[in-house]
Amino acid sequence: MADPGMTGPGRPAPPAAATERVVARLRPHARRLLLPALLLIAVSGAGAYFFGSFDLEWQNWAVLIGGGVIVLVACVLPFIAWLSVRYVITTRRLIVRRGFFVRTRQELYHARGYGITVHKSWVQSAFGSGNVRVTSGGEVPVVLRDVPGAVLVQNALHELVAENQSIAAPYPAAPAPTQQPPVQR
């Protein structure tokens, strides 16, 4: 028996499967980790300098524990918060993932169409980043915060929306056949 997916006389060709490809994987700009990194260096240096310089043992341990708490709160937690946000742009959709212990995932399909705006502060302009706001209909807008190359992201999203809407748009209806008057002889 012939395979139903095979083409041949009288059998239509199987539909072309459009595969979804990842266009970009983004995180917020890494400059927000600059202060935690500098603080980590400063706390490590101060801890190494002051640890062992006190006469009482509990004071040395207090320096060590205090430095550890500062590193945890001011360095490790901001790094985890930065890692917990991810933006993925594919050929079909925009995916926003947030959260570390409790995850939130939002998806916007390019075929539905949406509006895209970019907002840049003066600091973001200096680093080439910005906030990309994506609005679709009556839904809550999705904001890609502090994305590197915000204008490039905006242009890519515009192209993907246009491409997906042209693919999803129905073919124009064939013109109605016109009846020609009979030939007079």
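Here the residue numbering is sequential within each chain, running from 1 through the sequence in written order. With pLDDT at 70 or above as the cut-off, local features in this predicted model cover only qualifying residues; side-chain atom pairs require 80 or more to be listed or tallied, and sums for whole chains, interfaces and linings still use all residues. To get the side-chain values, take all heavy atoms of the structure and skip hydrogens and water.

With respect to the pattern of salt bridges
Thought 1: What counts as a salt bridge is simple: a side-chain nitrogen of Lys or Arg found within 4 Å of a carboxyl oxygen of Asp or Glu. One pass over the full model with this rule turns up four salt bridges.
Thought 2: The salt bridge involving Asp-146 is made with Arg-31; its shortest N-O contact spans 2.8 Å. In this pair, Asp-146 is assigned in strand β7 (residues 142-148) and Arg-31 in the loop between β1 (22-26) and α1 (34-50), connecting sequence segments 115 residues apart.
Thought 3: Here the term buried applies to any residue with accessible area under 20% of the maximum for its type, exposed to any over 50%, and partly exposed to those in between, with areas from a 1.4 Å probe on protein chains only. Judged by its relative accessible area of 7%, Asp-146 falls in the buried class. By the criteria applied, helices consist of DSSP H or I runs no shorter than four residues and strands consist of E runs no shorter than two, each listed in order from the N terminus.

Some points on the packing of aromatic side chains
Thought 1: By convention, a stacked pair of Phe, Tyr or Trp rings (six-membered ring in the case of Trp) has centres within 6.5 Å and planes under 30 degrees apart, an edge-to-face pair has planes over 60 apart, and any other such pair is tilted. Scanning the model with the defined rule gives four aromatic pairs in all.
Thought 2: With a centroid separation of 5.0 Å and 85° between ring planes, the pair formed by Tyr-49 and Phe-50 is classed as edge-to-face.
Thought 3: Since its relative accessible area comes to 63%, Tyr-49 is described here as exposed.
Thought 4: With relative accessibility at 38%, the residue Phe-50 sits in the partly exposed group.
Thought 5: The rule is short: NZ of Lys or CZ of Arg within 6 Å of the ring centre and within 35 degrees of the ring normal puts a charge over the ring. Positioned over the ring face of Trp-82 is Arg-27, at 5.8 Å from the centre of the ring.

Comments concerning helix α2 (residues 57-83)
Thought 1: Compared with the 39 Å implied by 1.5 Å per residue over 27 residues, the 37 Å span of α2 between its first and last C-alpha is a close match.
Thought 2: Axes are fitted to the seven residues ending at a residue and to the seven starting at it; the angle between these axes is taken as the bend at that residue. If you look at α2, its biggest bend is around 35°, right at Leu-72.
Thought 3: Buried within α2 we find Asn-60, Gly-67, Val-71, Cys-75 and Trp-82.
Thought 4: The inward-facing, buried residues of α2 contact α1. A helix is expected to reach a length of 1.5 Å times the quantity of its residues less one. Only heavy atoms matter for contacts: two residues are in contact if any of them lie within 4.5 Å across the pair.

Notes on the sheet that holds β7
Thought 1: One open sheet holds the three strands; their spatial order is β5-β6-β7, and the pairing between them is antiparallel. This sheet does not close on itself; its edge strands, each paired only once, are β5 (115-119) and β7. Going from strand to strand, the sheet's axes swing by 25° on average, the running direction of each strand aside.
Thought 2: At least two bridges found by DSSP between two strands are what make those strands a pair. Bridging between strand β6 (residues 129-135) and β7 involves five bridges; their strand directions are antiparallel. Bridge assignment links Val-132 to a residue of β7, and that residue is Leu-144. Convention adopted: a line fitted to C-alpha atoms gives each axis, helices being fitted over their contacting stretch, and angles between N-to-C directions are expressed from 0 to 180 degrees.

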